[in-house]
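Coordinates in review
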Amino acid sequence: MEKHDGSGSAEVRIDDPWYDELAAGWGEHHGDGTPPGAVPHQQAPAPAGGHSAADVYLEVQRSPAFQEVRRRYRRFVFPASLAFLLWYLAYVVAATAAPGLMARPVAGAVNVAMVAGLGQFATTFLLTWAYARHARLRRDRAALELRWDTQEMTRGVRR
């Protein structure tokens, strides 16, 4: 994991709380039970300002960077969810209100209902791919930076 500070140098950070210890030592432990390469946890002193972790998280939540990540999330999820819900409801309504249409053959024993049902599955996979792509391209980097900043801010606060 690298954090770029804009100067062209990258700092590798392994003090991430999400860091997988087994990846560092592949489950092999020293005689004292600690995995090789484990980072010892150090309790940081409380800051002079006396801020709590809740204050830090509220500050991050109010930050423009956090609001932008949330805005990008909502811009994708709300329209995509609405479109998928409408597509699903159209399928259900057509199946109940127009059984003649849904029973119409398309190719051999395959009818409109089967094609629409398979379309539901295809749409689900397409939407999942689109969501993952959108998150990777539009939100993940900013969210990771927010996580690092929050971790740095909470390093020395009162719990």
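These notes cover the structure that comes with them. All of these numbers come straight from a predicted model, not from anything done at the bench.

A closer look at the packing of helix α2 (residues 53–62) against helix α5 (residues 112–154)
Any two packed helices are characterised by how steeply their axes cross, that is the angle between the axes, and by the distance between the axes. Running from N to C, α2 and α5 cross one another at 150°; their axes reach a closest spacing of 10 Å. Considering the angle they form, α2 stands roughly antiparallel to α5. For the element pair α2 and α5, the recorded crossing hand is right-handed. Only L146, T150, M153 and T154 of α5 make contact with α2, whose side of the interface consists of V56, Y57, E59 and V60.

Description of the pattern of salt bridges
For the structure shown, the criterion picks out 3 salt bridges. As a salt-bridge pair, R71 and E68 come within 2.4 Å of each other at their nearest N and O atoms. Highlighted residues: R71 and E68, both in helix α3 (residues 64–97), separated by 3 residues, approximately one helical turn. The exposure class assigned to R71 is partly exposed, which follows from its relative accessible area of 35%. For R155, the salt bridge goes to E152, with nearest N and O atoms at 3.3 Å. The exposure class of E152 is partly exposed, given its relative accessible area of 36%. Linked by salt bridges that have partners in common, E68, R71 and R72 make up one network.

Quick look at the environment of V56
Note on placement: V56 falls in helix α2. Residue V56 is classed as buried on the basis of its relative accessible area of 5%. Here the alpha-carbon distance between V56 and T154, two residues 98 residues apart in the chain, equals 6.6 Å.

Examining a nonpolar patch on the surface
Residues L82, L85, L86, Y88, L89 and V92 make up a contiguous nonpolar surface patch of about 540 Å² in total accessible area. Relative accessible area serves as the criterion here: at 40%, Y88 is assigned to the partly exposed category.

Notes on the packing of aromatic side chains
Both the distance between ring centres and the angle between the ring planes are used here to describe each pair of aromatic rings. By the definition in use, this model includes 1 aromatic pair. Here the aromatic rings of F76 and Y131 are separated by 5.9 Å at their centres, their planes lie at 50°, and the arrangement is tilted. With F76 in helix α3 and Y131 in helix α5, the pair connects residues that are 55 residues apart, well separated along the chain. Taking NZ or CZ as reference, R147 lies 5.7 Å from the ring centre of W148, over its face.

Brief notes about α3
Its 34 residues place the ends of α3 48 Å apart at the C-alpha level, agreeing with the 50 Å of an ideal helix rising 1.5 Å per residue. Residues of α3 that are buried: V69, F76, V77, A80 and A94. In this structure, the buried residues of α3 make contact with α4 (99–102) and α5.

Examining α2
Here α2 has its buried residues at A53, V56 and V60. Here the buried residues of α2 occupy an arc of 60° about the axis, which is enough to place them on one side. Turned more than 90 degrees off the buried face of α2, the exposed positions are E59 and R62. Among the structural elements, α3 and α5 are those in contact with the buried residues of α2.

Conventions we followed
Each chain has its residues counted from 1, running along the sequence as written. With pLDDT at 70 or above as the cut-off, local features in this predicted model cover only qualifying residues; side-chain atom pairs require 80 or more to be listed or tallied, and sums for whole chains, interfaces and linings still use all residues. Processing note: side-chain calculations cover all non-hydrogen atoms of the structure and skip hydrogens and water entirely. Here the axes come from fitting lines to C-alpha atoms, over the contacting stretch only for helices, and the angles between their N-to-C directions go from 0 to 180 degrees. Runs of H or I in DSSP of at least four residues are treated as helices and runs of E of at least two as strands, each being numbered from the N terminus. In this scheme, roughly parallel covers angles under 35 degrees and roughly antiparallel covers those over 145, while 65 to 115 is roughly perpendicular and the rest are oblique. The sense of a crossing depends on the near helix, which, turned anticlockwise from the far helix by less than a right angle, makes the crossing left-handed and, turned clockwise, makes it right-handed. We call two residues in contact when some of their heavy atoms are within 4.5 Å. The term salt bridge refers to a side-chain nitrogen of Lys or Arg lying within 4 Å of a carboxyl oxygen of Asp or Glu. Per-residue accessibility, obtained with a 1.4 Å probe over protein chains only, is compared with the maximum for each type, and a residue is labelled buried under 20%, exposed over 50%, and partly exposed between these values. A patch is a set of surface residues, each over 30% in relative accessible area and not in a salt bridge, joined within 9 Å for like charges and within 5 Å for the nonpolar side chains Val, Leu, Ile, Met, Phe, Trp and Tyr. All accessibility values rest on the Shrake-Rupley procedure with a 1.4 Å probe; residue burial counts only the protein chains present in the view. Centres within 6.5 Å are what make two rings of Phe, Tyr or Trp a pair, Trp counting through its six-membered ring; a difference in plane orientation under 30 degrees is then read as stacked, over 60 as edge-to-face, and the rest as tilted. In our convention, an over-ring charge means Lys NZ or Arg CZ found within 6 Å of a ring centre and within 35 degrees of that ring's normal. Expected helix span is taken as 1.5 Å per residue step, with the number of steps being one fewer than the number of residues. The directions from the helix axis to the C-beta atoms form the arc being described.

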